[in-house]
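Structural overview
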Amino acid sequence: MRATPIDPKREGRPVVLVRLQQEAKLRRHYIAQVPRWCQPLIGYFLSFPFVAIALILTLLLKMTLTHFYFPGALMLLTIVLVAFIWGVGPALLSVFLSTLALDYFFIPSGEQLSLQSWDGVAQILPFFLIGIIVAIISGQREAARRRALFAELALKERADELEETNQELKEVNQVKDQFISMASHELKTPITTIRGQAEVTLRRLSRQKELPEELAGVSHALEQIDEQTLRLNALVDDLLDLSSIRAGKMKLRLSNFDLREVCQSAVEEQRLLTGRHIELEQPETPVMLNAD
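In this convention, every chain numbers its residues from 1, walking through the sequence in written order. Given that the model is predicted, a residue must reach a pLDDT of at least 70 before its local features are reported, and side-chain atom pairs must reach 80 or more before they are shown or counted; all residues, however, enter totals for whole chains, interfaces and linings. Excluded from the side-chain calculation are hydrogens and water; included are all heavy atoms of the structure.

1. Comments concerning the pattern of salt bridges
Opposite charge on two side chains makes pairing possible when the charged atoms of those side chains draw close. By definition here, a salt bridge exists when the distance from a side-chain nitrogen of Lys or Arg to a carboxyl oxygen of Asp or Glu is within 4 Å. Tallying each qualifying case throughout the model produces 1 salt bridge. The salt bridge partner of R260 is D258, with a shortest N-O separation of 3.0 Å.

2. Observations concerning helix α4 (residues 88–105)
Here α4 spans 25 Å end to end across 18 residues, near enough to the 26 Å set by a 1.5 Å rise per residue. In this scheme, a residue with accessible area under 20% of its type's maximum is buried, one over 50% is exposed, and one in between is partly exposed, where area comes from a 1.4 Å probe on protein chains only. Labels follow the DSSP assignment, with helices taken as runs of H or I lasting at least four residues and strands as runs of E lasting at least two, numbered in each case from the N terminus. Turning to α4, its buried residues are G89, P90, A91, S94, V95, L97, S98, T99, A101, L102 and D103. By definition here, a helix of n residues has an expected span of 1.5 Å times n minus one.

3. Overview of the side chain of D258
Looking at the secondary structure, you find D258 in strand β1 (residues 255–258). Among the residues examined, D258 registers a relative accessible area of 8% and is labelled buried. A polar side-chain atom of D258 sits 3.0 Å from a polar atom in the side chain of R260. At 2.9 Å, the side chain of D258 and the backbone nitrogen of V287 are in polar contact. Note on definitions: a residue-residue contact is assigned when non-hydrogen atoms from the two residues lie within 4.5 Å. Setting aside anything within four residues of it in sequence, one finds D258 in contact with P286, V287 and M288. Any pair of nitrogen or oxygen atoms within 3.5 Å is treated as a polar contact; in protein, a donor-acceptor pairing is required on top of that, and neighbouring residues in sequence qualify only through side-chain atoms on both sides.

4. Re the packing of aromatic side chains
Centres within 6.5 Å are what make two rings of Phe, Tyr or Trp a pair, Trp counting through its six-membered ring; a difference in plane orientation under 30 degrees is then read as stacked, over 60 as edge-to-face, and the rest as tilted. Counted under the stated rule, the structure contains 2 aromatic pairs. For the ring pair F50 and W86, a centre distance of 5.8 Å and an interplane angle of 80 degrees mean the geometry is edge-to-face. Within this pair, whereas F50 is found in helix α2 (residues 40–64), its partner W86 is found in helix α3 (residues 73–86), the two being separated by 36 residues in sequence. For F50, a relative accessible area of 24% puts it in the partly exposed group. Given a relative accessible area of 7%, W86 falls into the buried group. Ring centres of Y104 and F105 lie 4.9 Å apart, and the angle between their planes is 75 degrees; on these two criteria the pair is classed as edge-to-face. Residue classification places Y104 among the partly exposed residues on the basis of a relative accessible area of 32%. The partly exposed category is assigned to F105, whose relative accessible area is 29%.

5. Description of α2
An ideal rise of 1.5 Å per residue puts 36 Å on 25 residues; α2 measures up with 35 Å between its terminal C-alpha atoms. The complete set of buried residues in α2 reads G43, S47, V51, A54, L55 and T58. Where α2 is buried, its residues meet α3 and α4.

6. Notes on the packing of α3 against α4
Packed helix pairs are characterised by how far apart their axes lie and by the angle those axes make with each other. Two numbers describe how α3 lies on α4: the axes approach to 7 Å, and their chain directions differ by 165 degrees. What the angle tells us is that α3 and α4 run roughly antiparallel. Seen from above, α3 lies across α4 with right-handed handedness. Along its contact with α3, which presents M75, I79, V82, A83 and W86, the element α4 presents V88, P90, A91, S94, V95, S98, A101 and L102. Orientation is described by lines fitted to C-alpha atoms, with helices fitted over the stretch in contact, and by angles between N-to-C directions that extend from 0 to 180 degrees. Note on terminology: angles under 35 degrees are roughly parallel, angles over 145 are roughly antiparallel, angles of 65 to 115 are roughly perpendicular, and the others are oblique. Handedness of a crossing is defined here by the sense of rotation of the near helix relative to the far one, left-handed for an anticlockwise turn of less than a right angle and right-handed for a clockwise turn.

Below is the structure:
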């Protein structure tokens, strides 16, 4: 059977598609947050009247003032204003319109375009370069603002996802605690029954003076059943204690006991389970502890 090779580009396409969808979503969210009057399309339309107003004011200043040395000042301010409000596209349009206006009205050749000569280009080039620099700075500022907003929106989306996941984990944890509590209570009933039957049988056997040989091992087995059911009951209590700890209602049941008895019980249990001979060396004096 011949295997069909997997195209890496096709395999990675879903990941790229998801990323593009996320970027498109963030971009739509970004555009939705921008006021309508700050949309770039509005800036393209308003560039014409703004440049015209700056040109009219410049002509009035030229006629009013005897010495007027900076005819491009108001137009440069117009470019800065358009750039910082509407972005790089309208700013470039304002640069182009302002350059044409300055060349037509203020270059010494007199109300005609002088960009065909090197002298005209040299006179208008500084203004044009300054306008381009302002537009580039505005574009970088807008790109940085967009990246910051995209990062903020992405972090907010991740935070919402983490909050949702955390809520789901809390619900699962609550269900688990309920299950542990129910299972612990359900286990207590059969354990108590088994232990009760074992104790009743042991009491009946203890009343007999002599036990038959076939019942000699039964008595020891019943004692082990009683001990193991007691241990199971302690494990069930531990499960209930775990639920109490999670609920903040844990209460310690302190009591005095001999550590030697605990060790001896553990050794006996392992001896029965493995069938091995285990020797335990213990001190002669009791090792008393007060614990739960």
